[in-house]
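In case you want the letters, here they are:
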Amino acid sequence: PNLLAALGILKAYFIEPILLFWITMSVLKKKDIPNLLIAFGVSALVVSLFGIGQFMLNAGIPVPWDIEHRITSIFPYPNALGLFLAPITTISAFGILMAAKNKHRLFITLWSLTFIVSSVAIILAKTEAALVSIPVTLFIFSLFSKSIRRWSIPIVMIAVLIIIAVTPIRQPVIQKLTLQDYSGQVRISQWQDTFEFLKDNPILGAGLSGYPTAIEPYHSRTEIEIFQYPHNIILNTWVELGLLGVIAFLWLSISTIKILIHAYKKGIKISLPTLALFAALVQMHIHGLVDVQYYKNDLSVMTWLLLAALLISLYVSQQKPSQKTS
C-alpha cells in the first residue's frame, strides 16, 4: 500500500542486515567470537542500567508506560527492551559457564552481572514473553549436558509443583500460559483477524509495511488498536513477505539446525560459544511465537550477526570425532 515505507523496511530489515552478515562472514574469525559475545553482553548491561535508572528515579519513561511504571530504557516501548535483552540474557548464562570453565574471574563477574541486571530490567519492563522464553530455552539446552540436567530437571519439577500447589501463583501463571489474560486475548484476536485476511491473500500477504492498512476490513474488535504486525513469528513473515517468505524463513531455520547436526556428526567441536549463539536464536524463535522478534532494526541486525557468528564458529573449527561435547 505504501511503496516508500516498504522500500524503507526492505533496506532496514533485509538489505543492510544481510550485507552486514556477509561482511561479518568475511572479516570475523573463530577467535573473535568470544569478543563479539562480550560486545553483546556489554551493550545489554548498559541498556539495562539505563532502564533501571528510569525505574529508580521514576523519570524518563515515555507516556503511557509511565502510568504502569514499565521501563523502556533507550527504546520507545517496554517490549522493545525485552526483545533486545532476552537473546543476550540467554547468551550470558552460557557466558558464565564459559568463564567458569576457564576460571576467568573478570568474565565470571561480567557475565553474572549481565545476566542479573538484564533479568532485572526485563522484569521491570514486564515483558512476560521474555520471562518465559529465557528459562524455557535454558532448560531445553540443559538437557544435553549430564552434569547440568541433574540440577535443572529437579529445579523445574519443584517450580512446577509450587505453581500447582500455591493457588495465588497457579491462577495467573495458567492464565498467562494459556493466553486467557487480557494480553493473551488481544493476541488471539489479532491472529484470528490475520487468519481471515490470509484466507483471502495467501500468496502475497499484505506486502512490506502493508499489514495495518490491509487488516482494517478484517479488524473484528474495534476497541483494540491495529498493530504494525500480528505478533507471531510465522504470521509476521507471512503478511510481510507472502508465502514464499514463510518458506524462506522455514528453510533458513531448518538449514541452520541441519548445519549444526552435520557439524556434530562430522566431529566438529560444538563449543560453549557455539551453543550460546544457537541458544540465542532458539530463544528468539520461542519469544517470537507471541511477539515481533525480527521486524525491528536492532533485532534484524542481531539475527544476522548471530547467524554469521554461528556459521563461523562451525565452519573453521574442524576437530577429531573424540572431541565432541556430551
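Residues numbered from 1 in each chain as written. Predicted model: local features only at pLDDT ≥ 70, side-chain atom pairs only at ≥ 80, totals over all residues. Heavy atoms only, no water.

Student: I would appreciate a short explanation of the packing of helix H6 (residues 128-142) against helix H12 (residues 272-287) in the present structure.
Tutor: The packing of two helices is summarised by the inter-axis angle and the distance between the axes. At a closest axis distance of 9 Å, the pairing of H6 and H12 adopts a crossing angle of 135°. Overall, the two elements H6 and H12 adopt an arrangement that is oblique. Between H6 and H12 the crossing geometry is right-handed. Along the contact surface, H6 presents Ala129, Ala130, Ser133, Ile134, Val136, Thr137, Ile140 and Phe141, while H12 presents Leu275, Phe278, Ala279, Val282, Gln283, Ile286 and His287. (Axes fitted to C-alpha atoms, helices over the stretch in contact; angles between N-to-C directions. Helix = DSSP H or I, 4+ residues; strand = E, 2+ residues; numbered from the N terminus. Parallel < 35°, antiparallel > 145°, perpendicular 65-115°, else oblique. Left-handed = near helix turned anticlockwise from the far one by under 90°. Contact = heavy atoms within 4.5 Å.)

Student: How should I be thinking about the environment of Gly288 in this particular structure?
Tutor: Its location among the elements puts Gly288 in the loop between H12 and helix H13 (297-315). For Gly288, the contacting residues outside a window of four places in its chain are His231, Asn232, Ile233 and Gln293.

Student: Help me out: how do you make sense of a nonpolar patch on the surface in this one?
Tutor: Taken together, the side chains of Val132, Val136, Ile140, Leu143, Phe144, Ile153, Met157 and Leu177 define a hydrophobic patch exposed on the protein surface, amounting to about 700 Å² of accessible area. Breaking the nonpolar patch down by element, the ones donating at least two residues are H6 and helix H7 (146-165). In terms of residues, the nonpolar patch owes the most to one element, H6, which gives three residues. Its place among the elements puts Ile140 in helix H6. (Patch = residues over 30% accessible without salt bridge, like charges linked within 9 Å, V, L, I, M, F, W, Y side chains within 5 Å. Areas by Shrake-Rupley, 256 points an atom, 1.4 Å probe, with all protein chains shown as cover. Salt bridge = Lys/Arg side-chain N within 4 Å of Asp/Glu carboxyl O.)

Student: For this particular structure, what's the right way to read the side chain of Ser300?
Tutor: The residue Ser300 is located in helix H13 in this model. We classify Ser300 as buried; its relative accessible area is 0%. Contact partners of Ser300, with chain neighbours within four places excluded, come to Ala12, Tyr13, Pro17 and Tyr294. (Buried < 20%, exposed > 50% of the residue type's maximum accessible area, 1.4 Å probe, protein only.)

Student: Where do I start with H6 in this structure?
Tutor: Each α-helix winds once per 3.6 residues, and so residues spaced three or four apart point in a common direction. With 15 residues, H6 ought to run about 21 Å at 1.5 Å a step, and its terminal C-alpha atoms sit 22 Å apart, in line with that. Three or more residues of H6 are buried, namely Ala129, Ala130, Ser133, Ile134, Thr137, Phe141 and Ser142. Where H6 is buried, its residues touch helix H4 (78-101), helix H5 (105-125), H7 and H12. (Expected span 1.5 Å × (residues − 1).)

Student: What exactly am I supposed to notice about the pattern of salt bridges here?
Tutor: Note on pairing: side chains with opposite charge can pair once their charged atoms come close. Taken as a whole, this structure holds seven salt bridges when the rule is applied. Asp181 is the partner of Lys176 in a salt bridge, and the nearest nitrogen-oxygen pair spans 2.6 Å. For Lys176, a relative accessible area of 35% gives the class partly exposed. Owing to a relative accessible area of 13%, Asp181 belongs among the buried residues under this scheme. Taking the shortest distance from any N to any O, the salt bridge between Glu196 and Lys199 comes out at 3.2 Å. Here Lys199 and Glu196 lie together in helix H9 (residues 182-200), a separation of three residues that amounts to about one turn. According to the relative accessible area criterion, Lys199 is exposed, its value standing at 59%.

Student: How do you make sense of the packing of helix H2 (residues 33-57) against H4 when you look at a structure like this?
Tutor: Contact geometry of H2 with H4 gives a least axis separation of 9 Å together with a crossing angle of 130°. Considered as vectors, H2 and H4 are oriented oblique to each other. With respect to the hand of their crossing, H2 and H4 are arranged in left-handed fashion. Contacts between H2 and H4 pair Leu37, Phe40, Gly41, Ser43, Ala44, Val47 and Ser48 from the former with Leu81, Phe84, Leu85, Ile88, Ile91 and Met98 from the latter. Within the contact of H2 with H4, the residues separate by chemical class into 10 nonpolar, three polar and no charged. (Nonpolar A, V, L, I, M, F, W, Y, C, P; charged D, E, K, R; others polar.)

None of the figures reported here should be taken as evidence of function without further support.
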